[in-house]
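Chains, contacts and geometry: an overview
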Amino acid sequence: MRLLINGRHHEIEHGDEPLLWVLRDELGLTGTRYGCGAGICGCCTVLLAGQPARSCRITAAEVGERPVVTLEGLAERGADGQVVALHPVQQAFVETPLQCGWCLPGHVLCAVALLARDPDPDEAAIAEAAQPNLCRCGGYNTIKAAVARAAELAREA
Amino acid sequence: MTDTNAVPSDAAPSEPDARPRRWRVARRRLLIGAGATFGSLLVGVPIALEYGRPTLAQWMLERGAGSSEVPESSLVWFELTGDGITLHVPKIEMGQGIHTALAQIAAEELRVPFEALTVVQADTARGFPSATMFTFGSTSVSSLYTPIREAAAAVRAMLAAEAARQLGVDTQQLTAADGVFQVGGTERRVAYTEVIAAHQGPWQEPAEQPELRPAGEFTSIGRSVPRVDFRAKVLGEATYGYDARLPGMGYGAFVVPPRFGAELESAEPGDAAAMPGVHQVVIDVEAGFAGVVADTRTRAWAAARALKLSWSEGTRVDNAALEEQVTAGDGVVLRRDGSIRDALSQGRLVAAEYRTPMAAHAHLEPLAALARVEPGPAGKVEVWVPTQSPESVLEDLHAALGEDRPVVVHVTQLGGSFGRKGGQHLAVEAARLSAAVGTPVHVGWTRDTDLRQAFYRPPTHTRMRGSIGPDGMIRGVEQVSAAGDIIWAVAGLPEPVRSLIGFDPGGLLGLFLPYDLPAYRLVNRREQLPVPTGPWRGLGLMPNTFALESFLDELAEAAGSDPLTYRLAHLRKSGEQGERLRTVLRTAAQMAGWSESLPAGRGRGIACSGDAGTVVAVVAEVDLSDGRLRVTGVDVAVDCGLVVNPAGAKLQAQGSIVMGLSSTLREELRIQDGQVVSDNFDTYPILSMADTPPVRVAFVGGGDVPHGMGEPVVGPVPAAVANAVRAAGGPRLRTLPLRL
């Protein structure tokens, strides 16, 4: 079967496997992380038709035709695949980094979805969008600052 | 500005170099590459006999098989080519930001832009003794600060001498900035990279250690700079242990005991061998090992569950039994000042006891490892593993697979660790499977296995008794505590020796009251528990500080004194520690508006501690007005000496506060019938964003050198919150996690 990931179609073999493992192990897109396998921590977050989804809780077959976006698919890239420009949310997390970074898929992709529907979110909206994602390094206040900065960058862009 | 780990590539296993390079020790201070000296320069700082200093070393190095051409026994090394400068570091990045801080330190004395440096995480074949790579105790930046500066300054001086020769001027005429030498009074410039590219022949180490830049002129140290590792991380390109891949690799899984202490008695493939995608079942009952390799990870996990196994009984211990074993009483007398009997027989007596539970590290990246084992009993073993201690991985691999095998440990990025990835025996399991099937094998644990098969922060119990004189001052304190093993649980000392010593060195952190006491008696006992325990961020610091700093508030309350005033009055008058603690206490109190009153149901608590050369004070504010315990704000003042990267240090401080709050409010590892039942984030909840208050951080003190920042700030958190609960009119809570 085929999956549409980061704007490209990929033939995949194991449609019955969770999307998480198809992305990571079959396609080598290891930017989507495993954390709990139970949909609690948010490390495996992808955008499924533009909405944050837990890739550990859905099989590749269930994804079907819906487009999938992972951390690897956010930046603007040239014809050679090189990064031309980071996504504003990525740029904000470079300027306002976390610590280990394992939780980034959830925090970055939930922020991307938030800014798509609300370009000027207040602190409560930022906190609500980020709430489903854990960060064991304790960067929650930094995450709020980074998402606010991302909104600024996106508006400037 | 990048951070590079040894990422497994499609390339063949790294081959021994055919042309060993000679290394000479120039004036015994630096290791300088003496082989291919055209267009490149490699400089390493020899390990010192004196801790952390590039002093004496005598090596004439011939590189052995299986490694690249790099200095051996280095603390750090620099590689300069016509393309740029690379800093090879032994210390491991798990989110502390140390690769960034170490690059800042190097950039300062090299006089290059911080962004121009590439940081490379070394592996065990790249010139670092594996013990140097062990990353622990909040020491990475403090131990390398001076060696890196001195080496970088020497490298710059060597480049300056060469630049002067190439330009036909005197070295004194050159000024260095932004990686470029300029001839004074002229527009003549030459970039470092050009100097290196044009160089021929041996390099001359400077006759004397060049002067280091005075702190007042720093342009890189002390500046908040971007993290070297974060661009790759936001792009999803950084390689953590779970991400390591090699062509043709299989996915491994292995069985773990159902109860602590249970041993594998027999194992049969059962249905596993015939399950879809299963390549091989690997059983070695003598080694206590049964595992499988399959074509996908979930198939490997499923097949491992299908193996037919029998286990010995193991322990059926639960939390209550563990707490009973860890009951304060007998122990080693670690301190005996004045007469505690006299002190406690007079004045007003205050007594209280405190308990802290077992806790998990709960790093979000579960343990994982990739191994490639070449055939034959002496085949090379190569592993990619997220570990704080490559040395223990190396030793474990040799012990399990044979001492004759060459072993290389590549360290990946770590998705959190907090002490847990000190060793990392999954490298052994992955290597066993790889050796059996002949392909590389990756093993990654599920979350429930990761939480069930860890070692844990041990429980503690502390009994405190103190007396107060008519002036309200403390006459004496008796402190009797017990805790499960920390260092002894992971160090290789025989049990009789550990018993003879009687206390655990890790349990000493945060154990000593920093106050002037006419009488002080301190008794401590370590307990070997039937469940695995070990280092957790700060070791004994947070559990001990919870008891000590809660009790200090209880004494202050009995004396009718303000907790801040009471601490300031009792902190030690001699030595600098007392004064540094006073400064951070006053600062945190001022930040929090300590003297301003709060509405009913709200309160502030204060606590302080010292660790790794750093002192910390925390003020927590709580709100109990709706019958729940909510922490509404935290102010923290830190004196960690010189701050290399303020933004990075602030992250460490805030993260430590949040992790401390998580332990204070949530975390308690439940054990029933010899099994961990807190096996995912539903049954082992950690703090989320909604429960995280604003955290304000101030750095005070300063100094010539940096101290630790990875652990010290967790110390005062639980006591500050418990003290705030009491100040808000709530009960005195003496057990973690705090529950109203």
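1. A closer look at the overall build of chain A
Along its length, chain A carries six helices and seven strands. Starting at the N terminus and ending at the C terminus, chain A contains elements arranged as β-β-α-β-β-α-β-β-β-α-α-α-α. What you see for chain A is a C-alpha radius of gyration of 15 Å, in line with the 15 Å of a compact globule of 157 residues. When its C-alpha atoms are laid out on the principal axes, chain A stretches across 40 × 35 × 25 Å.

2. Quick notes on the packing of helix 13 (residues 541-559) of chain B against helix 14 (residues 563-570) of chain B
Residues and elements named next belong to chain B. At a minimum axis separation of 9 Å, helix 13 and helix 14 run at an interaxial angle of 105°. Considered as vectors, helix 13 and helix 14 are oriented roughly perpendicular to each other. Across the interface between the two elements, L552, D553, A556 and A559 from helix 13 touch P563, Y566 and R567 from helix 14. Across the contact of helix 13 with helix 14, the residue classes break down as five nonpolar, no polar and two charged.

3. Focus on the domain arrangement of chain B
Accessible area lost during the coming together of the parts is what is often quoted as the interface size. All names here are of chain B. Structurally, chain B comprises domain 1 (2-234), domain 2 (241-313 + 367-444) and domain 3 (326-359 + 455-727). For domain 2 and domain 3, the distance between their C-alpha centroids amounts to 39 Å. Contact with domain 2, which involves eight residues of that partner, is made by ten residues of domain 3. Here the residues of the side of domain 2 that touches domain 3 are counted per class, giving three nonpolar, four polar and one charged.

4. Examining helix 10 (residues 426-437) of chain B
Working note: α-helix, 3.6 residues per turn, so residues spaced by three or four point in the same direction. Residues and elements named next belong to chain B. Between its first and last C-alpha, helix 10 extends 16 Å over twelve residues, near the 16 Å set by a 1.5 Å rise per residue. Within helix 10, eleven of the twelve residues are buried, leaving the element largely enclosed by the surrounding structure. Inspection of helix 10 places L426, A427, V428, E429, A430, A431, R432, L433, S434, A435 and A436 among the buried residues, and these make up the whole buried set. A positive backbone phi angle near 85° is found at G438, which sits one or two residues after helix 10.

5. As for the confidence of the model for chain B
Interpreting fine coordinate detail is not advised for predicted regions of low pLDDT. Residue and element names in this part refer to chain B. Taken as a whole, chain B shows an average pLDDT of 90; of its residues, 90% reach a score of 70 or greater. Long-range and interchain partners of residues 10-29, a stretch whose pLDDT sits below 50, account for 43 contacts in this model, where long-range means more than four residues apart. Here the prediction assigns the complex a pTM of 0.93, and the interface score ipTM is 0.98.

6. What about the interface of chain B and chain A?
Facing 46 residues of chain B, the contacting portion of chain A comprises 44 residues. Of all the elements in the fold, those that place two or more residues in the side of chain B that touches chain A are helix 5 (230-234), helix 6 (297-306) and helix 16 (646-665) of chain B. Here the side of chain B that touches chain A takes six residues from helix 16 of chain B, the largest share from any one element. Broken down by class, the residue content of the side of chain B that touches chain A amounts to 23 nonpolar, 13 polar and ten charged.

7. Things to note about the pairing of strand 7 (residues 84-89) of chain B
Residue and element names in this part refer to chain B. One ladder, built from five bridges, connects strand 7 with strand 8 (residues 117-121); its direction is parallel. For H88, the partnering residue across the bridge sits in strand 8 and is V120. As for the winding sense of the linkage, the β-α-β connection from strand 7 through helix 1 (residues 98-110) to strand 8 is right-handed.

8. Observations concerning the nonpolar core
Formed by 267 residues in total, the largest nonpolar core has its most connected members in L102, V383 and V636 of chain B. Ignoring anything within four residues of it in the chain, the contact list for V383 of chain B reads A369, L370, A371, V393, L397, V409, H410, A427, A430 and A431 of chain B.

9. Structural notes on the environment of G627 of chain B
All names here are of chain B. Mapped onto the fold, G627 is located in the loop between strand 27 (614-623) and strand 28 (630-639). Assessed through the 7 C-beta atoms surrounding it within 10 Å, G627 is described here as exposed. Along the sequence, G627 and R567 sit 60 residues apart, while their C-alpha atoms lie 30 Å from each other.

10. Thoughts on the sheet that holds strand 17 (residues 332-337) of chain B
Within a sheet, neighbouring strands are paired by backbone hydrogen bonds and run either parallel or antiparallel to one another. Residue and element names in this part refer to chain B. Pairing is mixed across the open sheet formed by five strands, whose spatial order is 17-25-24-23-18. The strands lining the two open edges of the sheet, one partner per strand, are strand 17 and strand 18 (348-356). When the angles between neighbouring strand axes are averaged without regard to direction, this sheet yields 10°. Summarising the sheet, strand 17 and strand 25 (residues 519-527) pair through five bridges and their orientation is antiparallel. In the sheet register, V333 faces strand 25, and the bridge partner there is V523. Contacts between helix 13 and the sheet are confined to strand 18, strand 23 (460-468) and strand 24 (474-484), with strand 18 contributing the most and set at about 155° to the helix.

11. Describing the sheet that holds strand 28 of chain B
Residue and element names in this part refer to chain B. Reading across from one edge, 26-27-28-31 is the order of the four strands in this open sheet, with mixed pairing throughout. This sheet does not close on itself; its edge strands, each paired only once, are strand 26 (602-611) and strand 31 (695-699). Taken over all neighbouring pairs, the strand axes of this sheet differ in orientation by 15° on average, direction set aside. In this sheet, strand 31 lies alongside strand 28 in parallel orientation, the contact comprising five bridges. The residue bridging V636 from the neighbouring strand is V697, located in strand 31. In this fold helix 17 (residues 717-727) packs onto strand 26, strand 27 and strand 28, with an angle of close to 155° to the strand it touches most, strand 26.

12. Some thoughts on the packing of helix 9 (residues 390-401) of chain B against helix 10 of chain B
Residues and elements named next belong to chain B. With their axes 9 Å apart at the nearest point, helix 9 and helix 10 run at an angle of 40° to one another. For the crossing formed where helix 9 meets helix 10, the hand is right-handed. Along the contact surface, helix 9 presents V393, D396, L397, A400 and L401, while helix 10 presents A427, V428, A431, R432 and A435. Here the contact of helix 9 with helix 10 is composed, by residue class, of eight nonpolar, no polar and two charged.

13. Some details on helix 14 of chain B
Residue and element names in this part refer to chain B. The complete set of buried residues in helix 14 reads P563, L564, Y566, R567 and H570. With its buried residues spanning 165° around the axis, helix 14 presents them on a single face. Where helix 14 is buried, its residues contact strand 24, helix 13, helix 15 (576-592), strand 26 and helix 17.

14. Re the domain arrangement of chain A
Residues and elements named next belong to chain A. What the domain assignment lists for chain A is domain 1 (2-73) and domain 2 (77-156). Averaged C-alpha coordinates put domain 1 and domain 2 at centres separated by 19 Å. Taken together, the contact pairs 14 residues of domain 1 with 14 residues of domain 2. Listed by contribution, the elements that provide at least two residues to the side of domain 1 that touches domain 2 are strand 3 (45-48) and strand 4 (51-54). Ranked by the residues each element gives to the side of domain 1 that touches domain 2, the list is headed by strand 3, at three residues. Within the side of domain 1 that touches domain 2, the residues separate by chemical class into seven nonpolar, six polar and one charged.

15. Quick notes on the environment of L451 of chain B
All names here are of chain B. By the element assignment, L451 lies in helix 11 (residues 447-452). Sequence spacing of L451 and A302 is 149 residues, and the spatial spacing of their C-alpha atoms is 19 Å. In this view, L451 contacts A360, V676, S678, D679, N680 and Y684; residues no more than four positions away in its chain are not counted.

Conventions and cut-offs
- Residues numbered from 1 in each chain as written.
- Chains lettered and ligands numbered in written order.
- Predicted model: local features only at pLDDT ≥ 70, side-chain atom pairs only at ≥ 80, totals over all residues.
- Helix = DSSP H or I, 4+ residues; strand = E, 2+ residues; numbered from the N terminus.
- Rg over C-alpha atoms; globule rule 2.2 N^0.38 Å.
- Axes fitted to C-alpha atoms, helices over the stretch in contact; angles between N-to-C directions.
- Parallel < 35°, antiparallel > 145°, perpendicular 65-115°, else oblique.
- Contact = placed C-beta atoms within 7 Å.
- Nonpolar A, V, L, I, M, F, W, Y, C, P; charged D, E, K, R; others polar.
- Domains from an automatic or database assignment.
- Expected span 1.5 Å × (residues − 1).
- Buried ≥ 20, exposed ≤ 12 C-beta atoms within 10 Å, placed from the backbone.
- pLDDT = per-residue confidence, 0-100.
- Pairing = 2+ DSSP bridges.
- Right-handed = clockwise from strand over helix to strand, strands pointing away.
- Core = buried A, V, L, I, M, F, W, Y, C linked by C-beta atoms within 7 Å.
- Left-handed = near helix turned anticlockwise from the far one by under 90°.
- Arc of directions from axis to C-beta.

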